[in-house]
Amino acid sequence: MNESTDRDLAPRVLIAAFQGWSDAGDATSEALQHLIGLQKAELLHIIGGESFVDLQLQRPKVFRDEQGRRAIDWPDTRLYGTVHRPGTAGFGAAAMTAAGLTPPPAADAAAEETETITRIDGSPVHDLFFMPGYEPGRDWENFADEVVELAEVWGVDLVVLLGSMYSDAPHSRPIITNVTSEDPTLRERYGAERSEYEGPAGILTAVEIALEAATIGSLSLWVQVPHYVHSAPSPKATLAILDKLEELLDIVIPRGELFAQATDWESNINRIAENDDDMTRYIRSLEEARDEALAAETTGDALAAEFEKFLEQDSRDDKQARLGSQSDGRQARPEPEHSASPEQPAPPAKPEQGAPTAAEQPEQSEQPEQPEQPKQDGEAGPNPDGSDSDGPDPDGRDRR
């Protein structure tokens with residue numbers, strides 16, 4: 001049951017989300033239901049909601065089961081995972097052969113090739129667990145302890161806690177995601193940040209602190225949902241969660257109908273805004289603020305890099321200037337009268353590669369006289385008027 005051949009390479013990951021305060025736009029609960037459906041995950045454990053959930057706020061739902069009988073769906077927190085049974089779908093041919101069993105026929109194997117979560121190389125993912133639930137109305141510490149106990153029982157290495165919040169986010173721009181962790185190793189590995197938030201907390205924070213006390217690594221993944229469409233689910237935010245999970249876990253998650261749903265969601269909001277001038281102006285102001293913030297962030301990074309480069313170059317130039325004006329602890333002597341220009345000294349030429357810099361040049365008064373270069377055979381000296389000789393070289397070529 002749930003044995004993975006690449007346990008050392010891929011950690012066992014539990015993805016959890018709770019309906020309520022941390023589930024704006026139903027983004028996190030919809031993301032978990034999508035993942036559970038792709039994996040065809042089975043129910044492994046139930047944390048009964050009667051001890052934790054206020055049933056007057058989270059009403060149980062009545063439905064009819066497959067036999068037509070009435071039943072109640074209680075607001076419980078459930079743990080789902082993939083169970084592998086020899087000879088059934090999900091148990092690969094290689095694993096069956098290793099267990100001494102006969103792989104299924106080709107037709108059955110082809111039936112298994114449905115949309116499911118895979119790794120980047122196409123191999124199936126077996127070490128994912130899912131925990132959808134409801135935010136408790138009481139006894140949070142005991143509830144968090146039960147979550148920690150389940151993580152320990154199933155050998156979970158990493159817990160990813162999903163949250164979504166309403167914010168001043170325009171629906172027409174990409175959904176912003178934020179990943180935080182208290183573990184510096186996980187922050188470095190997953191590019192997460194350390195949360196500096198202080199204020200009212202939800203059940204995700206309580207679970208995160210309990211996991212930290214049990215030395216179980218955790219990440220918190222939050223998305224921002226436009227607050228002016230709070231009455232409807234936000235498939236675009238659900239897509240943003242799945243996109244980030246792919247990046248964090250190096251997996252491939254089929255999106256199914258979510259792309260079409262997100263497009264319809266955005267189009268419906270646009271149609272509503274067209275008939276409401278106040279809403280149109282408000283959305284436009286949010287768009288402009290988002291674009292300006294993004295431009296400032298991008299431009300700021302570029303300017304900071306250029307400024308840092310400028311400071312480094314300016315520091316090198318100052319150092320060379322100081323070294324060029326001093327030699328052996330003494331100030332440089334004034335330029336001789338026969339410099340290149342009586343009024344303005346000629347600017348120093350850029351030294352060629354391998355040539356000494358200005359700091360390495362000795363003072364002019366201390367430079368030895370250069371011996372006159374011997375003339376080559378057949379080479380004429382300068383004319384009396386100072387021009388070069390017009391005489392031919394020994395090979396007969398005119399030197400002009």
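Going by the structure above, here's the rest.
Here's a quick rundown of the structure. (Residues numbered from 1 in each chain as written. Predicted model: local features only at pLDDT ≥ 70, side-chain atom pairs only at ≥ 80, totals over all residues. Heavy atoms only, no water.)

**Examining helix α6 (residues 203–213)**
- Residues of α6 that are buried include every one of I203, L204, V207, E208, A210 and L211, and no others. Down the axis of α6, the sector holding all buried residues measures 165°, keeping them to one side. Among the exposed residues of α6, those pointing more than 90 degrees away from its buried face are I209 and A213.
- Where α6 is buried, its residues meet β1 (13–19), α4 (140–153), β8 (158–167) and β10 (217–226). (Buried < 20%, exposed > 50% of the residue type's maximum accessible area, 1.4 Å probe, protein only. Helix = DSSP H or I, 4+ residues; strand = E, 2+ residues; numbered from the N terminus. Arc of directions from axis to C-beta. Contact = heavy atoms within 4.5 Å.)

**Regarding the nonpolar core**
- The biggest cluster of nonpolar side chains holds 40 residues, and the ones touching the most others in it are I15, F130 and L245.
- Elements with a contribution of two residues or more to this core: β1, α1 (27–39), β7 (128–134), β8, α5 (184–190), β10, α7 (235–249) and α8 (258–274).
- When near neighbours in sequence (up to four residues on either side) are disregarded, I15 contacts L32, L35, L128, F129, F130, M131, V160, L162, L245 and L249.
- F18, V147, L161 and V207 belong to the second largest nonpolar core, which has 25 residues in total. (Core = buried A, V, L, I, M, F, W, Y, C linked by side-chain atoms within 4.5 Å.)

**Side note on the packing of aromatic side chains**
- Following the criterion strictly, the structure yields four aromatic pairs and no others.
- Their ring planes at 70° and their centres at 5.7 Å tell us that F18 and F143 sit as a pair that is edge-to-face. Here F18 is found in strand β1, whereas its partner F143 is found in helix α4, with 125 residues between them in sequence.
- We classify F18 as buried; its relative accessible area is 0%.
- Given a relative accessible area of 2%, F143 falls into the buried group.
- Considering the side-chain rings of F129 and W154, the 5.7 Å spacing of their centres and the 50° angle between planes classify their relative orientation as tilted. Of this pair, F129 sits in strand β7 while W154 sits in the loop between α4 and β8, and the two are 25 residues apart along the sequence. The pair F129 / W154 is uniform in exposure class, with both members buried.
- Pairwise contacts between aromatic rings join F18, F52 and F143 into one cluster. (Phe/Tyr/Trp six-rings, centres within 6.5 Å; stacked < 30°, edge-to-face > 60°.)

**As for the sheet that holds strand β9 (residues 177–180)**
- An order of β2-β5-β7-β1-β8-β10-β9 is seen for the seven strands of this open sheet, with the pairing classed as mixed. Whereas interior strands pair on both sides, the edge strands pair on one side only; in this sheet they are β2 (42–47) and β9. Each neighbouring strand pair of the sheet contributes to a mean axis angle of 20°, computed without reference to strand direction.
- Where β1 and β8 come together, four bridges link them in parallel fashion. Among the inter-strand pairings, I15 is bridged to a residue of β8, identified as V160.
- Together, β1, β7, β8, β9 and β10 form the strand contacts of α7, whose direction differs from that of β10 by roughly 150°. (Pairing = 2+ DSSP bridges. Axes fitted to C-alpha atoms, helices over the stretch in contact; angles between N-to-C directions.)

**Things to note about the environment of Q261**
- By the element assignment, Q261 lies in helix α8.
- Along the backbone, Q261 and S234 are 27 residues apart, and their C-alpha atoms lie at a distance of 8.9 Å.

**Focus: the packing of α1 against α7**
- Between α1 and α7, whose axes approach to 8 Å, the crossing angle comes to 60°. Between α1 and α7, the angle falls in the class oblique. For the pair α1 and α7, the crossing hand works out as right-handed. Contact residues: A27, T28, E30, A31, H34 and L35 in α1; A237, T238, I241, L242 and L245 in α7.
- Residue classes in the contact of α1 with α7 are distributed as seven nonpolar, three polar and one charged. (Parallel < 35°, antiparallel > 145°, perpendicular 65-115°, else oblique. Left-handed = near helix turned anticlockwise from the far one by under 90°. Nonpolar A, V, L, I, M, F, W, Y, C, P; charged D, E, K, R; others polar.)

**Section: the pattern of salt bridges**
- The full count for this structure, using the stated rule, is 12 salt bridges.
- Between D76 and R78 there is a salt bridge, with its nearest N and O atoms 3.8 Å apart.
- Accessibility expressed as a relative area gives 12% for D76, which makes it buried.
- By relative accessible area, R78 is classed as buried at 19%.
- The closest approach of N and O atoms between E266 and K236, which form a salt bridge, is 3.1 Å. Taken together, the positions of E266 in helix α8 and K236 in helix α7 put the pair 30 residues apart, joining distant regions of the chain.
- With relative accessibility at 22%, the residue E266 sits in the partly exposed group.
- Through salt bridges with shared partners, a single ionic network connects D73, D76 and R78. (Salt bridge = Lys/Arg side-chain N within 4 Å of Asp/Glu carboxyl O.)

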